[in-house]
Amino acid sequence: MDMTMETCRKFVEVLASNAPAPGGGGAAALVGAVGTALGNMVGSLTVGKKKYAAVEEEIIALKAKCDQLQKDLLDLVKKDADGFEPLAKAYGIPKDDPNRDEILEKATIEACAVPMEIMEKCCEALDCIRIFAEKGSRLAVSDAGCGAVCCKAALQSASLNVFINTKSMKTRDLAEEMNRKANEMLTKYCALADEIFDAVRANF
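Cut-off values and rules
Residues numbered from 1 in each chain as written. Predicted model: local features only at pLDDT ≥ 70, side-chain atom pairs only at ≥ 80, totals over all residues. Heavy atoms only, no water. Helix = DSSP H or I, 4+ residues; strand = E, 2+ residues; numbered from the N terminus. Buried < 20%, exposed > 50% of the residue type's maximum accessible area, 1.4 Å probe, protein only. Contact = heavy atoms within 4.5 Å. Areas by Shrake-Rupley, 256 points an atom, 1.4 Å probe, with all protein chains shown as cover. Lys, Arg positive; Asp, Glu negative; His and termini not counted. Charge placed at Lys NZ, Arg CZ, Asp CG, Glu CD. Salt bridge = Lys/Arg side-chain N within 4 Å of Asp/Glu carboxyl O. Core = buried A, V, L, I, M, F, W, Y, C linked by side-chain atoms within 4.5 Å. Expected span 1.5 Å × (residues − 1).

This next bit is on the overall build of the protein. Helix and strand content of the protein: 6 helices and 0 strands. Seen along its three principal axes, the alpha-carbon backbone of the protein occupies a region of about 70 × 35 × 30 Å. Residue burial in the protein is summarised as follows: out of 204 residues, 43% are buried. For the protein, the proportion of contacts with a sequence separation of at least 24, taken over those separated by at least 6, is 76%. With the model as given, the accessible surface of the protein reaches about 11000 Å², and the carbon-plus-sulfur share is 58%. Taking the 26 positively charged and 31 negatively charged side chains of the protein as two groups, their mean positions are separated by 5 Å.

Tallying each qualifying case throughout the model produces 10 salt bridges. Residues Lys 79 and Glu 117 are paired through a salt bridge, measuring 3.4 Å at the closest nitrogen-oxygen approach. You can see Lys 79 sitting in helix 3 (residues 56–91) and its partner Glu 117 sitting in helix 4 (residues 100–135), a full 38 residues away along the chain. The exposure class assigned to Lys 79 is partly exposed, which follows from its relative accessible area of 41%. Between Arg 180 and Glu 177 there is a salt bridge, and its shortest N-O distance comes to 2.6 Å. Taken together, the residues Arg 180 and Glu 177, both in helix 6 (residues 172–201) and 3 residues apart, mark about one turn of the helix. Arg 180 gets classed as partly exposed once you look at its relative accessible area, which sits at 38%. The class for Glu 177 is partly exposed, based on a relative accessible area of 30%. Here the residues in one salt-bridge network are Glu 177, Arg 180 and Glu 184, joined through shared partners.

Turning our attention to the nonpolar core. As a rule of thumb, soluble globular proteins bury nonpolar side chains together. Grouped together as the largest cluster of nonpolar side chains are 47 residues, with contacts concentrated most on Ile 118, Met 119, Leu 126, Phe 132, Leu 155 and Ile 196. Residue assignment for this core shows that the elements contributing at least two residues are helix 1 (8–16), helix 2 (24–44), helix 3, helix 4, helix 5 (141–166) and helix 6. When residues of this core are assigned to their parent elements, the largest contribution, 13 residues, is made by helix 4. Apart from residues no more than four positions distant in its own chain, Met 119 is found in contact with Leu 155, Ala 158, Ser 159, Val 162, Ala 182, Met 185 and Leu 186. Grouped together as the second largest cluster of nonpolar side chains are 6 residues, Leu 87, Ala 90, Ile 93 and Ala 107 included.

Compared with the 44 Å implied by 1.5 Å per residue over 30 residues, the 42 Å span of helix 6 between its first and last C-alpha is a close match. Among the residues of helix 6, those classed as buried are Ala 175, Met 178, Asn 179, Ala 182, Met 185, Leu 186, Tyr 189, Cys 190, Leu 192, Ala 193, Ile 196 and Val 200. Residues of helix 6 that are buried make contact with helix 4 and helix 5.

Below, the structure is given as structure tokens:
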């Protein structure tokens, strides 16, 4: 089931239930899409305004990028659920099955892929939101700040879905490489999100 086709209320109800998905990864993807859209809103309120004619071309290009990022993040809600299913099944394999470890390792590695992608998309979104906040309509600058906060939350949430899986991986060199990439994104982009928030907050 693609939960993004359900109402917000239904999504939250299922999220709160004992259903295995959506979980933290799917929620992170949705929040990332919301944050991206908030930044994009600033762009929408900037385009066509004479006051911002000098940056219109740049804003239009950013809007097109964010349109795609929003779609990608929403698609990742379902992809995260699909990616978790093989892992859930692998945990159900009897411990005396000689193939269990190999199947479980493969499923664990695959389960890391989507949250890593969610993190990458959130980083791209924050790069765009920074410019929306700097150059977009002053009347909507608070929305850029809100977008940055949402994308930071999504980034951090997705990272936990990486770390919980890399912790149990047997292929330690791959696990450490995934951890390194995730930590680099957290360090750089959580700081950027905070900078955007602080800059927006300084307007009031």
